[in-house]
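What the coordinates show
Listed here are the chains, written in short residue letters.
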Amino acid sequence: MNIPSLILAFSLFVPLSLSCGGREKTQGRLLSYEYTYHGPMFRSGNYYKIEAGQDGSVRVFISEGGWGSETRVYSAPAEALTAVEKRVADGRLHQLKAHYKTPFHVLDGWDWNLHIRYEEGSISSGGYMAHPPKALYETMEAIGAYIRALAVEENFLEIKTE
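First things first, this report covers the structure right here in the doc. (Residues numbered from 1 in each chain as written. Predicted model: local features only at pLDDT ≥ 70, side-chain atom pairs only at ≥ 80, totals over all residues. Heavy atoms only, no water.)

Quick word on the overall build of the protein
To be explicit about the condition: The helix count covers DSSP runs of H or I at least four residues long, the strand count covers runs of E at least two residues long, and both are numbered beginning at the N terminus. Accessibility here uses a 1.4 Å probe with only protein chains present; expressed as a share of the type maximum, an area under 20% marks a residue as buried, one over 50% as exposed, and anything in between as partly exposed. By definition, residues are in contact when any of their heavy atoms lie within 4.5 Å. Exposure was quantified through the Shrake-Rupley algorithm and a 1.4 Å probe, taking into account, for residues, occlusion by the shown protein chains and nothing else.
Helices and strands together make up the secondary structure of the protein, namely three helices and eight strands. Ordered by position in the sequence, the α and β elements of the protein form the string α-β-β-β-β-α-β-β-β-α-β. When the 162 residues of the protein are sorted by exposure, 36% land in the buried category. Once local pairs closer than 6 in sequence are excluded, the contacts in the protein between residues at least 24 apart make up 62%. Split by element, the accessible area of the protein, about 9,900 Å² in all, is 57% carbon and sulfur.

Okay, structure coming up:
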């Protein structure tokens, strides 16, 4: 193979490898799903997370007030992580890009971040004044609603402040 052919082959495959920026190859079971939204005003936004503990327990973390707000911690059924994992797969969240942004110059907007961690690998995405395509965003919203619905008072464990 000559040098021009190598350069051509390399130029075809590099963009493909760079397009996968927000995700690694994932294997094993889901360990956590974490989403953060920061609004344009101080103390606006929300945060939720579901994760497997070292002891096999499943916990949900919820904060509704933005930066510096208290986080309420709840226990959740073991099958909750499996349900989230299925929704991630069915909704094809592995297709998320690493970052979404508006083409406009905005200084006081909102942003979001998503981190999905598996036994091996993870999916990370985020955005500034922009969401992913509708189907992916709707999947994220549905998973968020499911996680927030798990935070019921009879399963309340504690309040954490940062």
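Having seen it, we continue.
As for the pairing of strand β2 (residues 45-52)
Counted only if it meets this: Here the rule is simple: two strands pair whenever DSSP picks up at least two bridges between them.
With respect to burial, β2 is a largely interior element, seven of its eight residues being buried. Here strand β1 (residues 27-38) pairs with β2 via seven bridges, running antiparallel. Looking at the pairing, T36 lines up with Y47 of β2. With six bridges connecting them, β2 and strand β3 (residues 58-63) associate as antiparallel partners. The residue of β3 that forms the bridge with K49 is F61. Linkage of β2 to β3, two consecutive antiparallel strands, is achieved through a turn of five residues, within which G56 is found at a positive phi near 90°.

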